[in-house]
Amino acid sequence: MQRLPSQFFAGLTQQVQAYIEQGRDVINLGQGNPDLPTPAHIVEALRDSVQDPATHRYGPFHGLASLRSACAEFYRREYGVVLDPDSEVAILFGGKAGLIEISQIYLNEGDVALVPDPGYPDYESGIKIAGARMATMPLVPEQHFMPDLEAALASEPDAKLMFLNYPSNPTGAVVDSSLFEQVVRMAQSRKMLVVHDFAYASIGFDSIRPMSFLEVEGARDCGIEIYTLSKTYNMAGWRVAFAVGQKEAIAALKLYHNHAYVSLFPAIQKAAESALLGPQDEVHQRTEIYQKRRDAFYLALHQKGISAKPPQGTFFGWLPLPEGISSLDFASRLLQEKGVAVAAGVGFGQHGEGYVRVGFLDREERLMEAAHRIADWMIQNQNG
Ligand SMILES: Cc1ncc(COP(=O)(O)O)c(C=O)c1O
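Only a predicted model underlies this, so the values are computations on that prediction, with no experimental measurement involved. (Residues numbered from 1 in each chain as written. Predicted model: local features only at pLDDT ≥ 70, side-chain atom pairs only at ≥ 80, totals over all residues. Heavy atoms only, no water.)

### What about the site of the ligand?
No. 1: The environment of the ligand is formed by 14 residues, the closest being G95, D197, T228, S230 and R239.
No. 2: Between the ligand and G95, the relevant distance is 2.6 Å, taken from an oxygen atom to a main-chain nitrogen or oxygen of the residue.
No. 3: Between the ligand and T228, the relevant distance is 2.6 Å, taken from an oxygen atom to a side-chain nitrogen or oxygen of the residue.
No. 4: Its free accessible area being 390 Å², the ligand has 92% of it covered by the protein chains.
No. 5: At the level of elements, α4 (95–106) and α9 (229–232) are the ones that each hand at least two residues to the shell around the ligand. (Near = heavy atom within 4 Å. Polar contact = N/O pair within 3.5 Å; in protein donor to acceptor, adjacent residues only side chain to side chain. Areas by Shrake-Rupley, 256 points an atom, 1.4 Å probe, with all protein chains shown as cover. Helix = DSSP H or I, 4+ residues; strand = E, 2+ residues; numbered from the N terminus.)

So, in structure tokens, the structure goes:
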């Protein structure tokens with residue numbers, strides 16, 4: 001327990017809550033909790049299946065076979081990737097659980113795992129619980145927020161795991177196949193498992209369709225992909241995700257599950273099936289909503305004379321800060337002085353310094369209002 005880092009964002013949440021309780025008008029763009037509801041047909045599927053007493057009993061240890069088949073069918077339909085539902089799919093209690101479990105499975109004390117910097121903080125949590133060491137791969141705008149794989153593996157040749165995440169939280173970057181092809185080439189010659197976190201799979205803007213790691217030839221021999229229903233179907237509270245790919249890793253996850261728990265509540269699994277196999281129009285509508293919000297936010301910044309590059313995917317903007325202020329100070333002063341909560345970039349790693357992350361998780365008008373307040377703060381504080 002002592003190895004675990006403190007939860008960086010807990011402090012921000014408390015501060016925001018305190019301001020709201022004081023009656024202040026706070027626009028909270030600091031977190032990544034989707035604001036729109038789960039599509040109605042999925043909620044109805046849960047309601048129907050919870051009435052079936054069969055769902056009240058213990059389910060199979062590895063999840064319902066029908067859900068694993070639905071995951072495989074989803075990958076065939078969305079990505080043209082054909083998977084064996086028995087050996088290439090594992091059901092997870094949310095993506096976060098899978099990301100933590102894979103570190104327990106693969107890492108012994110002193111082992112090394114490579115993570116993107118800036119990146120999702122929970123990669124570190126799993127690595128620390130395992131007593132392993134985290135080595136970072138800087139993501140910088142000059143390299144389109146892609147890691148320098150040669151440099152990373154030259155300095156950590158024995159890395160056992162490599163975490164990747166595109167569309168990227170927090171940078172909003174999306175990649176094409178060339179990065180994944182290079183990853184596969186470099187992973188094939190070593191004993192390293194690639195873990196692609198595909199949490200924002202469905203959120204690509206301007207007609208960009210984020211690609212699955214498994215679309216690249218050879219990927220399933222050296223890696224797994226973690227797909228959560230949290231963002232695609234606005235099911236963050238339901239805790240359902242799955243891992244697909246390399247058979248040995250999938251078998252290891254399932255063995256871990258045999259010992260740790262008896263899979264998910266079967267009624268939730270039935271609802272997840274209907275999410276994956278049912279109508280997908282709301283998924284596309286939500287991406288359009290996020291895109292409109294993104295556009296409204298950046299237009300409002302632009303109107304005030306602040307230019308910044310909009311993200312290609314996810315529901316986050318990654319805003320560079322003026323020189324001379326740390327991301328923590330900026331976030332804290334912006335909240336105090338303008339009532340806008342954003343996430344300090346340094347919370348995502350050392351290379352997040354100089355940025356803040358803005359979540360497009362409020363109405364367009366509120367996002368425009370937030371952009372105006374941010375721009376006003378920047379203009380007022382231009383000369384220090
Ligand atoms: C990059 C990334 N990965 C994984 C997750 C975890 O998602 P969940 O545990 O809800 O499946 C999140 C959630 O915010 C995320 O941003």
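### Examining unusual backbone geometry
With the exception of glycine, the majority of residues adopt a negative phi angle, and the majority of peptide bonds are in the trans configuration.
No. 1: Residue P118 is reached from D117 by a cis peptide bond, and omega for that bond is 5°.
No. 2: By the secondary structure assignment, P118 is in the loop between β3 (112–117) and α5 (122–129).
No. 3: With an omega of 15°, the peptide bond between N169 and P170 qualifies as cis.
No. 4: Position of P170 among the secondary structure elements: in the loop between β5 (161–164) and α7 (177–188).
No. 5: Notably, F145 is not glycine yet its phi reads approximately 55°, a positive angle.
No. 6: Here F145 shows up in the loop between β4 (133–138) and α6 (149–155).
No. 7: The backbone of S263 shows a phi angle near 45°, a positive value even though the residue is not glycine.
No. 8: Among the secondary structure elements, S263 is positioned in the loop between α10 (247–260) and α11 (266–277).

None of the figures reported here should be taken as evidence of function without further support.
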